[in-house]
Amino acid sequence: MRYLLLSDPHSNLEALEACLDLAKGKYDEAVCLGDLVGYGPDPNAVIDIVKATSKIIIRGNHDKVCAGLEDASEFNPLARQAVEWTRQALTPEHFEFLRTLPTGPVMMDGFLIVHGSPLDEDEYIVGPSQALPVLRTPQTQVVCFGHSHYQGGFMLSPQGRYQSIRAQFKHDGNPSTLTLEAGARYLINPGSIGQPRDGDWRAAFAILDLPQNTVEYYRTAYDLPKTQEKMRVAGLPAPLIRRLEFGR
Ligand code: ZN
């Protein structure tokens, strides 16, 4: 089975559509690791598409806060403004949908999906201090996570060697392919669709192929000026509009 891993679309419709265009015909089932909304201008349309595409969707911290399940006190002022805007923009049906999203981790057929970390759905896995406790906990060989908006992940070899994983793109349009080693454990982040923070502005996703034991990382350009213009019209904060250009 080839699984399309979608994460952190954050109401960015153009980025989501570009990812799904590129992924078309390349996967059997899709899963979404959360943060459907927050930051971008199209929460309702993004929910509709993710819902229609994905077999399983787990909630992210922005989904939880935008759905009023938690207050926004942990968010910075810009994220909080986006939450306020999103709450106004959501239809009652979409608001209710976000409220009922399951909490990760969820066990799939041979791998685990979480938003932040299996130990805490809101934890950011950014280095060894958060990655190693997960990699050393016997569960599945592969744990897929989002939340940090960094495409790549972390691994622990059978000999106990820890390594971080970064996707490497050549200019041939091909994905960056990681081969999963037998006996090694992996934390795999497909990257963020709607608001990458790893220095590459292009929308990110990945495909996990378990029989083949590979992860293919993809990046795709999208109509960024269109998204930015919609954000301006919506009155979303200027720094959130600008950061999309830098992937930061
Ligand atoms: Zn996010």
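Every value quoted in this text rests on a predicted model; they were computed, and no experiment measured them.

A. Spotlight on the overall build of the chain. Looking only at helices and strands, one finds eight helices and twelve strands in the chain. Taking 248 residues into account, the globule formula puts the C-alpha radius of gyration at 18 Å, and the chain, at 17 Å, falls close to it. Oriented by its inertia axes, the alpha-carbon framework of the chain measures out at about 50 × 40 × 30 Å. Every one of the 248 residues in the chain was classed for burial, and the buried ones make up 57%. By sequence separation, contacts in the chain at least 24 residues apart represent 73% of the contacts at least 6 residues apart. Approximately 10400 Å² of the chain is accessible, and the part contributed by carbon and sulfur atoms is 50%. Charge-centre separation for the chain: the mean point of 24 positive side chains lies 4 Å from the mean point of 30 negative side chains.

B. Highlighting the sheet that holds strand E6 (residues 142–144). Pairing is mixed in the open sheet, where six strands are placed in the order E4-E5-E6-E10-E7-E8. The strands lining the two open edges of the sheet, one partner per strand, are strand E4 (106–107) and strand E8 (162–165). Direction of pairing for strand E7 (residues 152–156) relative to E8: antiparallel, over a ladder of four bridges. What sits directly across from glycine 153, in E8, is isoleucine 165.

C. Just the packing of aromatic side chains, in detail. Applying the stated criterion across every chain yields a total of five aromatic pairs. Their ring planes at 65° and their centres at 4.7 Å tell us that tyrosine 3 and phenylalanine 111 sit as a pair that is edge-to-face. Of the two residues, tyrosine 3 sits in strand E1 (residues 2–6) while phenylalanine 111 sits in strand E5 (residues 111–113), which places them 108 residues apart along the sequence. In this pair, the class of tyrosine 3 matches that of phenylalanine 111, namely buried. Residues tryptophan 201 and tyrosine 222 carry aromatic rings whose centres are separated by 5.5 Å and whose planes lie at 50° to one another, so their mutual orientation is tilted. Here tryptophan 201, found in the loop between strand E10 (185–189) and strand E11 (203–209), pairs with tyrosine 222, found in the loop between strand E12 (214–220) and helix H7 (224–234); they are 21 residues apart in sequence, far enough to count as distant. An aromatic cluster is defined as three or more aromatic residues linked by ring pairs; in this entry it consists of Phe145, Phe154 and Tyr162. Looking at arginine 202, its charged tip hangs above the ring of phenylalanine 169, at a distance of 5.7 Å from the centre. For arginine 243, the ring lying beneath its charged end belongs to tyrosine 39, and the centroid distance is 6.0 Å.

D. Expanded view of the sheet that holds E11. Taken together, six strands build an open sheet; the order of strands is E3-E2-E1-E11-E12-E9 and the sheet is mixed. The open sheet has two edge strands, strand E3 (54–57) and strand E9 (176–179), and neither has a second partner. Between one strand axis and the next, the sheet turns by 20° as a mean value, whatever way the strands run. The sheet contact formed by E9 and E12 spans four bridges and is antiparallel. Across the sheet, residue threonine 179 finds its bridge partner in E12, namely threonine 214.

E. Inspection of the coordination of the zinc ion at higher detail. All of the protein donors around the zinc ion are Asp8 (OD), His10 (NE2), Asp35 (OD) and His149 (NE2); their distances to the metal are 2.1 to 2.3 Å. Geometry at the zinc ion is irregular, judged from the four donor atoms that bind it and their angles of 88 to 176° at the metal. Between consecutive donors of the zinc ion, the numbers of intervening residues give the motif D-x1-H-x24-D-x113-H. On the criterion of sequence distance, the pair formed by histidine 10 in the loop between E1 and helix H1 (13–23) and histidine 149 in the loop between E6 and E7 is long-range, its members being 139 residues apart. Considered together, histidine 10 and histidine 149 belong to a single accessibility category, that of buried residues.

About the criteria used
- Residues numbered from 1 in each chain as written.
- Predicted model: local features only at pLDDT ≥ 70, side-chain atom pairs only at ≥ 80, totals over all residues.
- Heavy atoms only, no water.
- Helix = DSSP H or I, 4+ residues; strand = E, 2+ residues; numbered from the N terminus.
- Rg over C-alpha atoms; globule rule 2.2 N^0.38 Å.
- Buried < 20%, exposed > 50% of the residue type's maximum accessible area, 1.4 Å probe, protein only.
- Contact = heavy atoms within 4.5 Å.
- Areas by Shrake-Rupley, 256 points an atom, 1.4 Å probe, with all protein chains shown as cover.
- Lys, Arg positive; Asp, Glu negative; His and termini not counted.
- Charge placed at Lys NZ, Arg CZ, Asp CG, Glu CD.
- Pairing = 2+ DSSP bridges.
- Phe/Tyr/Trp six-rings, centres within 6.5 Å; stacked < 30°, edge-to-face > 60°.
- Lys NZ or Arg CZ within 6 Å of the ring centre and 35° of its normal.
- Axes fitted to C-alpha atoms, helices over the stretch in contact; angles between N-to-C directions.
- Donors = N, O, S within 2.8 Å, 3.2 Å for Na, K, Ca; no water.
- Tetrahedral: all angles 85-135°; square planar, octahedral: opposite > 155°, others 65-115°.

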